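Coordinate analysis (summary)
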Amino acid sequence: MNLSLIPQIKHTDSNNFFLLSGPCAIEGEDMALRIAEHIVTITDDLKIPYVFKGSFKKANRSRLDSFTGIGDEKALKILRKVSETFKIPTVTDIHTEQDAVMAAEYVDVLQIPAFLARQTDLVVAAAETGKTVNIKKGQFMSPESMKHAVNKVTETGNQQAIITDRGTMFGYQDMIVDFRGVPTMKQYAPVVLDVTHSLQQPNQSSGVTGGRPALIGTMARAGIAAGVDGLFIETHFDCANAKSDGANMLDLGLMKKLLTDLVALRTVVNQF
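Residues numbered from 1 in each chain as written. Predicted model: local features only at pLDDT ≥ 70, side-chain atom pairs only at ≥ 80, totals over all residues. Heavy atoms only, no water.

Within an unreviewed UniProt entry, the label attached to the protein chain reads 3-deoxy-8-phosphooctulonate synthase, and the organism entered is Maribacter orientalis. The Subcellular location (unreviewed entry) field of the UniProt record for the protein chain holds the comment "Cytoplasm". Of the protein chain, the UniProt comment under Catalytic activity (unreviewed entry) reads exactly: "D-arabinose 5-phosphate + phosphoenolpyruvate + H2O = 3-deoxy-alpha-D-manno-2-octulosonate-8-phosphate + phosphate". (UniProt positions renumbered as here; feature names shortened; annotations may be inferred.)

With that settled, the discussion passes to the packing of aromatic side chains. Centre-to-centre distance and the angle between the planes together describe a pair of aromatic rings. Within this structure, the stated rule accounts for zero aromatic pairs. Sitting above the plane of the Phe 237 ring, Arg 34 keeps its charged end 3.8 Å from the centroid. Looking at Lys 136, its charged tip hangs above the ring of Phe 232, at a distance of 4.1 Å from the centre. (Phe/Tyr/Trp six-rings, centres within 6.5 Å; stacked < 30°, edge-to-face > 60°. Lys NZ or Arg CZ within 6 Å of the ring centre and 35° of its normal.)

If you trace the backbone, Asp 93 turns up in strand E3 (residues 90–93). Within the local environment of Asp 93, its side chain forms a polar contact with the side chain of Ser 55, the two groups lying 2.6 Å apart. Not counting residues up to four positions away in its chain, the partners in contact with Asp 93 are Ser 55, Phe 56, Lys 58, Gln 111 and Pro 113. (Helix = DSSP H or I, 4+ residues; strand = E, 2+ residues; numbered from the N terminus. Polar contact = N/O pair within 3.5 Å; in protein donor to acceptor, adjacent residues only side chain to side chain. Contact = heavy atoms within 4.5 Å.)

Further remarks concern the packing of helix H1 (residues 29–46) against helix H8 (residues 255–269). At their nearest, the axes of H1 and H8 sit 10 Å apart, and the two run at 25 degrees to each other. The angle between H1 and H8 falls in the class roughly parallel. The chirality of how H1 crosses H8 is right-handed. Two secondary-structure elements touch here, H1 through Ile 39, Ile 42, Thr 43 and Leu 46 and H8 through Met 255, Lys 256, Leu 259, Thr 260 and Val 263. In terms of residue class, the contact of H1 with H8 is built from six nonpolar, two polar and one charged. (Axes fitted to C-alpha atoms, helices over the stretch in contact; angles between N-to-C directions. Parallel < 35°, antiparallel > 145°, perpendicular 65-115°, else oblique. Left-handed = near helix turned anticlockwise from the far one by under 90°. Nonpolar A, V, L, I, M, F, W, Y, C, P; charged D, E, K, R; others polar.)

Take helix H2 (residues 72–86) next. Its 15 residues give H2 an end-to-end C-alpha distance of 22 Å, which sits within 8% of 21 Å, the value for a rise of 1.5 Å per residue. Taken together, the buried positions of H2 are Ala 75, Leu 76, Ile 78, Leu 79, Val 82, Ser 83 and Phe 86. When H2 is viewed along its axis, its buried side chains cluster within an angular range of 155 degrees and face the same direction. Facing away from the buried surface of H2 by more than 90 degrees, the exposed residues are Lys 74 and Glu 84. On the buried face of H2, the contacting elements are H1, strand E2 (50–53), E3 and helix H3 (97–103). (Expected span 1.5 Å × (residues − 1). Buried < 20%, exposed > 50% of the residue type's maximum accessible area, 1.4 Å probe, protein only. Arc of directions from axis to C-beta.)

A word on the pairing of strand E1 (residues 18–22). With respect to burial, E1 is a largely interior element, five of its five residues being buried. The β-α-β motif built from E1, the intervening H1 and the parallel element E2 has right-handed crossover chirality. (Right-handed = clockwise from strand over helix to strand, strands pointing away.)

On to the nonpolar core, then. By size, the foremost hydrophobic cluster in this structure holds 69 residues, and its most contacted members are Phe 52, Ile 94, Ile 112, Ile 135, Leu 231 and Leu 259. In terms of residue count, the dominant contributor to this core is H1 (nine residues). Core analysis: the second largest hydrophobic core is formed by 11 residues, Ile 6, Ile 9, Leu 20 and Val 91 among them. (Core = buried A, V, L, I, M, F, W, Y, C linked by side-chain atoms within 4.5 Å.)

Have a look at this one:
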């Protein structure tokens, strides 16, 4: 995978990690632009290659009454506006082959959710759009098994595949990241650590996912030290009232300090 082939991505010669970051879900235009502007300013200052993340639709919900989106086309148009306004690439997750075709008209990277990482038709449909494909490792999958997921992309002729680790199920209500998998998966594709989802506490009795956001800094630093190529961090300026995954997102006001620290750590790691 060649990071520089993602349209409009900047700072690819900085030897920094790259960042996929934004809200869990697109809730409206103003919030998306506000979050993107804040992160663009920071990543330009720190020379971090940046892709804005936002889900146009949340299909994997625990409860029927959970927020799923503001409308597919409306949310995708907001993602396009973010890209056009700040001259940055965007990523969104897809759930069906039809989603792949539709979303590819608006975004630069298509993301395969962890629960769907083994869905061959979905992965192939994403790859056939020619877009970069970010495959999240299933909570139930080994690092070694991600070789086959990547092959589903590359065998279409699309070499633009990324693997994102979002933790492995630890019992019924917790996640754990096994950093031994990072060098294994880097044999197949660039590896991203999904910092915020790795700190989820899923399947609570209420049907609302919990999280441990106080450990975001710890998890992110561990990922950089382990040699990941990129980080995935969901963020919001009002986590308590976010419509999806507010319990494990990073407060937007903490982003600058965290990224500054991580760039400093990456500089040290690069010396080894």
